[in-house]
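Secondary and tertiary structure notes
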Amino acid sequence: MKLPLAGRTVWLMRAAHQSAAWAELLTQAGATVIVEPLMAIEPTPDRAAAHQALARAVGADCVIATSTNAIDAAWQLRLDFAPTGRLYGVGSASAQALETAAGRAVERPEGAFTSEALLSMDSLMHVDGLDISILSGEGGRNVVVETLTARGARVEKIALYRRRWLTPSPARLHDIFTRADTAIVTSGEALAHLSDLVSGPENSALRSCLERCRLVAPSTRVVKQVDQRLNWQHAPLIVERINGEAIVAALARLSTGDRQ
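The structure contained in this document is the topic of the report that follows. Note that the coordinates shown come from a computational prediction; the quantities given were computed from them, not determined experimentally. (Residues numbered from 1 in each chain as written. Predicted model: local features only at pLDDT ≥ 70, side-chain atom pairs only at ≥ 80, totals over all residues. Heavy atoms only, no water.)

**Considerations on the pairing of strand 5 (residues 86-89)**
When strand 4 (residues 62-65) meets strand 5, the two strands line up parallel, connected through four bridges. The partner of cysteine 62 across the bridge, within strand 5, is arginine 86. Considered for its hand, the β-α-β crossover made up of strand 4, helix 3 (residues 68-77) and strand 5 is right-handed. (Pairing = 2+ DSSP bridges. Helix = DSSP H or I, 4+ residues; strand = E, 2+ residues; numbered from the N terminus. Right-handed = clockwise from strand over helix to strand, strands pointing away.)

**Points about the packing of helix 7 (residues 170-179) against helix 9 (residues 204-211)**
Relative to each other, helix 7 and helix 9 sit at 30°, their axes nearing to 9 Å. The angle between helix 7 and helix 9 places the two elements in the roughly parallel class. Every pair of crossing elements has a handedness; the one defined by helix 7 and helix 9 is left-handed. Contacts between helix 7 and helix 9 pair Pro170, Leu173, His174, Phe177 and Thr178 from the former with Leu206, Cys209 and Leu210 from the latter. Along the lines of polarity and charge, the residues of the contact of helix 7 with helix 9 split into six nonpolar, two polar and no charged. (Axes fitted to C-alpha atoms, helices over the stretch in contact; angles between N-to-C directions. Parallel < 35°, antiparallel > 145°, perpendicular 65-115°, else oblique. Left-handed = near helix turned anticlockwise from the far one by under 90°. Contact = heavy atoms within 4.5 Å. Nonpolar A, V, L, I, M, F, W, Y, C, P; charged D, E, K, R; others polar.)

**Here's the deal with the sheet that holds strand 4**
The strand order across the open sheet built from four strands is 5-4-6-7, with neighbouring strands paired in parallel fashion. Lying at the two open borders of the sheet, with one neighbouring strand each, are strand 5 and strand 7 (154-159). For this sheet, the mean angle separating the axes of adjacent strands, direction not counted, is 20°. Running over the sheet, helix 2 (residues 47-57) touches strand 4, strand 6 (131-136) and strand 7 and is turned about 140° from strand 7. Packing against the sheet, helix 4 (residues 92-102) makes contact with strand 4 and strand 5, and its axis sits at approximately 145° to strand 5.

**Re helix 11 (residues 244-256)**
Think of an α-helix as 3.6 residues a turn; residues three or four steps apart then line up on the same face. Here helix 11 spans 19 Å end to end across 13 residues, near enough to the 18 Å set by a 1.5 Å rise per residue. Looking at the buried side of helix 11, the elements it contacts are strand 1 (9-12), helix 1 (16-28), strand 9 (182-184), strand 10 (214-217) and strand 11 (237-238). Two or three places before glutamate 245, at the opening of helix 11, asparagine 243 has a side-chain oxygen 3.2 Å from that residue's backbone nitrogen. (Expected span 1.5 Å × (residues − 1). Polar contact = N/O pair within 3.5 Å; in protein donor to acceptor, adjacent residues only side chain to side chain.)

**What to know about helix 4**
Of all the residues in helix 4, the buried ones are Ser92, Ser94, Ala95 and Leu98. Down the axis, helix 4 shows its buried residues gathered within 165° of arc, on one side only. Next to the buried residues of helix 4 lie strand 4, helix 3 and strand 5. Glycine 103 sits one or two positions beyond helix 4 and adopts a positive phi of about 75°. (Buried < 20%, exposed > 50% of the residue type's maximum accessible area, 1.4 Å probe, protein only. Arc of directions from axis to C-beta.)

**Quick word on the environment of glutamate 156**
By the secondary structure assignment, glutamate 156 is in strand 7. Residues glutamate 156 and aspartate 175 lie 19 residues apart in sequence; the distance between their C-alpha atoms is 43 Å. Ignoring any residue separated from it by four or fewer positions in sequence, one finds glutamate 156 in contact with Ala53, Arg56, Ile132, Ser133 and Ile134. At 2.5 Å, the side chain of glutamate 156 and the side chain of arginine 56 are in polar contact.

Next comes the structure, spelled out in structure tokens:
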């Protein structure tokens, strides 16, 4: 029996510690997987400030986790961290991780796991006067902060880790681009960094190779961040509930149906 992703070569550019499970699922489905991270996760340089912010988050009306990295970092900084307010996870993985760490129920969006879906939840529509803490990394998710602030909440974003962008050599990028037919990104920041790596006339050949790949992304908003910089030859594949199983299923459907 032919495996659904046989013949497909997939580039995973997530941080190394997050790639193994997805790589295994893709390999089991028949894909060849290239693991070449474009990002490393590092602790926040201001641990004291983050520690104090977590102390305030204990009494916040709502605590929102934007990633599993933020949750891991929060409990590493404060082993006794026990927020008392309502808990939210932007995505399935972050919600499950927060539920495990906090030991109680966590609310999450239905449908797409995006900032917009989170903000459309009924319980976050009327937050005037509430204290909301957001467990996050440096940068990103500004739409959540801005929208909840506009709705009248007092919002504190807690930077618990930072991303360090990695730069593979042009030779390594050329090797990846000529082998891979699929590239998976999980954030707008990662896609912007990828675009930076192939910008400029001196990288036109690399850029052309990349543009032949099928991009897999978590939302159209992420793709639009580099609309004017990359000209994909195939329509990007949007996997809104982005996880290993969902990516395999979406690529399998693509292989048997849309061959654009």
